[in-house]
Amino acid sequence: MVAPSPTPAVDRWTPRLIFSLASIVLLLEMLAVSYMMISTALPSIAAHYRTTQGAWLLTSFLLVGAVTAPLIGKLADMYGKRKALLGCVAVAAAGSLLSAIAGSYAVLIAGRALTGLLIPCLFLSYSLIRDVFPAKTIALAVSIATSGMGLIAIPAPFLTGWLIDNHGFRSIFWFFVIGLAVLGALIYFTTAESPVRLRSRIDPLGALLLGGGIAGILIAVSFGPTWGWRDSSTMAYLAGGVVLLLAWLASARMIREPLIDLDVLGRRSVLLTTIGAGLCYGASGLFTILLPMMAMTPAVLGLDYGFGVTAEGFAIFQAPVGLMVVVGGVLVGLLVGRRDVRPRILLTIGMLLMATGFLLTAAVHDSKPLLIVFAGIFGTGMGMGYAAVPNLLIEAVPPQLQASTASIVGVSQSVFPAVLPVIAFTIMNNSYIAPIPPEMTQGAVFYLDRGFTIAFLIGGATALIGAIVAVALPRRIVQLAAPQKVERPGEEGLVFAH
C-alpha cells in the first residue's frame, strides 16, 4: 500500500503558509543567483589561486546537481520531500563553507561541487508544495516559487560587486553559508513534511549508469569548445556518456523497480513536458547570456550594436526581464488555480512570447528602448514557461512519483542550457568573430553584428520548437494512477493502474 495523499486542514493562505512560501522562494533565489555571482567572482578567484581552470568552478556545480538529481528525487519520494530538501540545503551550505575556507583551488572546486545540490532544490520545492499546501493555493504557490527566481537578477550585480570590492571573493561563499543556514531553519519551522511515500527500492546500478552518462555528456559539452570537438578527450567523454545512458535504458527495462520508471517517462504527457522544459530553460539561458554580452560591447568599436554599459548599468535591461518573469509566473498561477486554464495552453503562449522576444531582438538590437521592451516580452514568456512546467507535472503524475519524475525534468532543465549556448557560440566563433586588432580588444573576443543575429535566431527557433512541443501535449492530461504493491508469492514490485 502507499501512503495517502495529504489533506491539509486549511484551504486558504495562513501566516505560516506565507512564511513557508517566502522561505522556499528565497532558497530558489539563492539557486538563481549562485551561477551569476560565481561567474562575476571568477577573475578574482583565478588570480588568487593562479589557475587557468576556472571553468571547472562553474561546471562542477552544474555537473553534481544534474548527476545527483534522479537519485535525490527517488529518495524524496521514498523518505520525504522535506527531508530531501533540507538535506540538499545542508550539504550545499557545507560546500559553501568548504569553498569559503579553501586553501587550494582543488578544495574550492570540491566545495563548489557540493553546493551543486542546490539544483535539485528546484524540483523538490514544488514537489513539496504540491503535497503540503492547500489544493486551492498550489497552482499559485508553485508558480510564484518557480518564477520568483527572476527577481534576484535585478539587485544581484550590485550585491556581488559590493561584496567582492569590499570583502573579497570569499565573501560570496560566506554569503551562501549564512543565507542557506537561515533559509534551512525557516523551511524546517514553517513547512510540514509530506505524508506521501513511495514504497520502492533504491536502484544503485541505475543511479550509477544514469549519473555517469549525464556526467560524460555534460563534460564533453562544457569543455568541447576548449579542448576541440575532435579532441580524443571530448570524443571519449561524449561516447562514454552515450554508452552509459544506453546501458541505463537497458537496465531500467530489466530491473523490477528502476530509478526512473520508463513507462512513466514514456507517457506522452511526461515525455513532452520534459522536452518542453528543457527547451524553455535552454532558450532562457541563451538569451540571458547573449543580451549582456551585446549590451556591454563598447559602441566605439563600430559593430552596429553595443552600448558599452557596465555590469551595474546592465540593470536597465535586466530589470524588465526579472520583473516580467514574476508577472508571467503569477499570471499562470492565477489562471490555473482560479480559472482552470490548462497549463499546456500557457506553456504554448509562454514559448511563443519567448520566440517573439528572440526574433525581435535579432531584427533590431541597436536601440536601448526597444531592447528593454523586447526583454520584457521575453521575460513574460520565460515566467509563464517556468510556472507552467511544474503545473503540467502535477497534472500528469501522482504525488508518490512527483519528485522522481520531476528529477528527470530537472536534468533536462540543466542539460539544454548547457548545450544550446555551446551550439550558438560554436557557430559565432567559427564564422562571425569581428576582425578587430588585438591591441584594441585587450584579448577579448567580439562578434560581428550578423553573429548576434544568428545566435538570437537560434534561440527563436528553439522557443518555436518548444511551442510546437507544448501544442503536442494531450489536450486533456489524465493523471497516472498511484503505484501499488504487487502481492504475489515470490514476486513484488510496483504496478500502475490505468
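Along each chain, numbering runs from 1 in the same order as the chain's sequence is written. Where local features are concerned, this predicted model is filtered to residues with pLDDT of at least 70; where side-chain atom pairs are given and counted, the filter is 80 or more; whole-chain, interface and lining totals use all residues. Heavy atoms throughout the structure, all of them, feed into the side-chain values; hydrogens and water do not.

Quick look at the overall build of the chain now. Per the convention used, a helix needs a DSSP run of H or I reaching at least four residues, while a strand needs a run of E reaching at least two, with both numbered from the N terminus. The helix and strand inventory of the chain stands at 18 helices and two strands. For this measure, only C-alpha atoms enter the radius of gyration; the expected value for a globule follows 2.2 Å times N^0.38, where N is the number of residues. In terms of overall size, the chain behaves like a compact globule, its C-alpha atoms giving a radius of gyration of 22 Å where 498 residues would be expected to give roughly 23 Å. Each of the three principal axes of the chain carries a C-alpha extent, and together these read 75 × 50 × 40 Å. Two residues form a contact once any of their heavy atoms are found within 4.5 Å. Taking the intrachain contacts of the chain between residues at least 6 apart in sequence as the baseline, contacts between residues at least 24 apart amount to 80%. Neither His nor the chain ends is counted toward charge; the positive residues are Lys and Arg and the negative residues Asp and Glu. Lys charges are placed at NZ, Arg charges at CZ, Asp charges at CG and Glu charges at CD. If you average the places of the 29 positive and of the 21 negative side-chain charges in the chain, the two averages end up 7 Å apart.

Tracing the sequence through the fold places A396 in helix α15 (residues 368-396). Those residues within four positions of A396 in sequence are excluded, and the remaining contacts are S269, V270, I477, V478, Q479 and L480.

As a further point, take the packing of aromatic side chains. Two aromatic rings from Phe, Tyr or Trp, using only the six-membered ring of Trp, form a pair when their centres are within 6.5 Å; if the ring planes differ by under 30 degrees the pair is stacked, by over 60 it is edge-to-face, and anything between is tilted. If you walk through the whole model with that rule in mind, you get 19 aromatic pairs. Grouped by ring-pair contacts, the aromatic residues W56, F223, W227 and Y237 constitute a single cluster. Two conditions define a charge sitting above a ring: the NZ of Lys or the CZ of Arg must be within 6 Å of the ring centre, and it must be within 35 degrees of the ring normal. When the ring centre of F61 is taken as reference, the NZ or CZ atom of R112 above it lies at 4.1 Å.

For salt bridges, the criterion is a side-chain nitrogen of Lys or Arg within 4 Å of an Asp or Glu carboxyl oxygen. For the coordinates displayed, the defined rule picks out five salt bridges. Residue D77 pairs with K81 through a salt bridge whose shortest N-O separation is 3.6 Å. The same class applies to D77 and to K81, which are both buried. By sharing partners, the salt bridges in this structure join D77, K81 and D131 into a single network. Only protein chains enter the accessibility calculation, which uses a 1.4 Å probe. A residue is then buried if its area is under 20% of the maximum for its type, exposed if over 50%, and partly exposed in between.

Looking now at helix α6 (residues 135-147). Counting along an α-helix, one turn takes 3.6 residues, and residues three or four places apart therefore face a common direction. The end-to-end C-alpha distance of α6, which contains 13 residues, comes to 19 Å, matching closely the 18 Å that a straight helix rising 1.5 Å per residue would cover. Across the 13 residues that make up α6, a large majority, ten, are buried. All of the buried residues in α6 are T137, I138, A139, L140, A141, V142, S143, A145, T146 and S147. Structurally, α6 contributes buried residues whose contacts are with α1 (15-49), α5 (121-132), α13 (315-338) and α15. A helix's residues, less one, multiplied by 1.5 Å, set its expected span.

Okay, the side chain of N391 next. Within the element layout of this structure, N391 appears in helix α15. What makes N391 buried here is its relative accessible area of 5%. Polar contacts involving the side chain of N391 include one to the side chain of S143, which spans 3.3 Å. N391 has contacts with A139, V142, S143, V332, V336 and P343, leaving out every residue within four places of it along the chain. What qualifies as a polar contact is a pair of N or O atoms within 3.5 Å, subject to a donor-acceptor requirement within protein and to the restriction that residues adjacent in sequence count only when both atoms come from side chains.

Looking now at the confidence of the model for the chain. Confidence of the predictor in every single residue is expressed as pLDDT, which spans 0 to 100. The predicted model of the chain averages 88 in pLDDT, with 94% of residues at 70 or higher. Mean pLDDT across the secondary structure elements of the chain bottoms out at strand β2 (residues 494-496), with 41, and peaks at helix α3 (residues 81-100), with 97. Counted against residues more than four places away or in other chains, residues 1-7, with its pLDDT under 50, gives 17 contacts. Predicted confidence for residues 486-498 stays below pLDDT 50, and this span has 30 contacts to residues more than four positions away or in other chains.

Moving on, we get to the side chain of T51. Tracing the sequence through the fold places T51 in the loop between α1 and α2 (55-79). Once residues lying within four places of it in the same chain are set aside, the contact partners of T51 are A46 and Y105.

Our focus in this paragraph is the packing of α2 against helix α16 (residues 402-431). Two quantities define a packed helix pair, namely the angle between the helix axes and the distance between the axes. What counts as an axis is a line fitted to C-alpha atoms, over the stretch in contact for a helix, and the angles between N-to-C directions run from 0 to 180 degrees. At a closest axis distance of 7 Å, the pairing of α2 and α16 adopts a crossing angle of 170°. As far as their axial angle goes, α16 and α2 are roughly antiparallel. The segment α2 lies against α16, with L62, A66, A69, P70, G73, K74, A76 and D77 engaging Q402, A403, S404, S407, I408, V411, S414 and A418. When describing relative orientation, an angle under 35 degrees is termed roughly parallel and one over 145 degrees roughly antiparallel, while 65 to 115 degrees is termed roughly perpendicular and anything else oblique.

Right, let's get into the layout of surface pockets. The volume enclosed by the second largest pocket comes to roughly 420 Å³. Only protein atoms enter the 1 Å grid used here, on which a cavity is any set of points holding a 1.4 Å probe that cannot leave and a pocket is any open set flanked by protein within 12 Å on both sides along at least five of seven lines; residues with an atom within 4 Å of a point are listed as lining. As for the second largest pocket, its lining consists of 16 residues, of which L245, I408, V411, S412 and V415 are closest to the centre. For the lining of the second largest pocket, the elements supplying multiple residues, two or more each, are α9 (204-227), α10 (232-254), α12 (268-296) and α16. Take the lining of the second largest pocket: its biggest share by element is five residues, from α16. Of the residues contributing to the lining of the second largest pocket, the split by class is 14 nonpolar, two polar and no charged. Grid points are joined across faces, edges and corners, and a volume is the space filled by probe spheres set on the points. Under the scheme applied, nonpolar residues are Ala, Val, Leu, Ile, Met, Phe, Trp, Tyr, Cys and Pro; charged residues are Asp, Glu, Lys and Arg; polar residues are all the others, including Gly.

In plain words, nonpolar cores are sets of buried Ala, Val, Leu, Ile, Met, Phe, Trp, Tyr and Cys residues tied together by side-chain atoms within 4.5 Å. Formed by 147 residues in total, the largest nonpolar core has its most connected members in L27, I45, L124 and L180. Of the residues forming this core, the biggest block, 15 residues, is contributed by α1. The contacts of L27, once residues within four sequence positions are left out, are L85, V89, L118, C121, L180, L183 and I187. With six residues, the next largest nonpolar core counts A139, V336, L346 and A387 among its residues.

Along the polypeptide, I101 turns up in the loop between α3 and α4 (105-115). Taking the relative accessible area as the measure of exposure, I101 reaches 54% and is therefore exposed. Between the C-alpha atom of I101 and that of R170, which follows or precedes it by 69 residues, the distance is 7.8 Å. Contacts of I101, omitting those with residues within four sequence positions, involve R170 and W174.

For the rest of this paragraph, the subject is the state of the cysteines. In plain terms, two cysteine sulfur atoms within 2.5 Å form what is called a disulfide here. Scanning all chains against the criterion turns up zero disulfides. We note that C121 lacks a disulfide partner, and the nearest cysteine sulfur, in C88, lies 4.9 Å from it. Not engaged in a disulfide, the cysteine C280 finds its nearest cysteine sulfur in C121; these two sulfurs lie 20 Å apart.

In this section: the packing of α1 against α2. At a minimum axis separation of 9 Å, α1 and α2 run at an interaxial angle of 160°. Regarding the angle of α1 to α2, the classification is roughly antiparallel. Crossing of α1 over α2 shows right-handed handedness. Along the contact surface, α1 presents L31, S34, Y35, I38, S39, L42 and I45, while α2 presents L57, L58 and F61. Crossing handedness follows the turn of the near helix against the far one: under a right angle anticlockwise gives a left-handed crossing, and clockwise gives a right-handed one.

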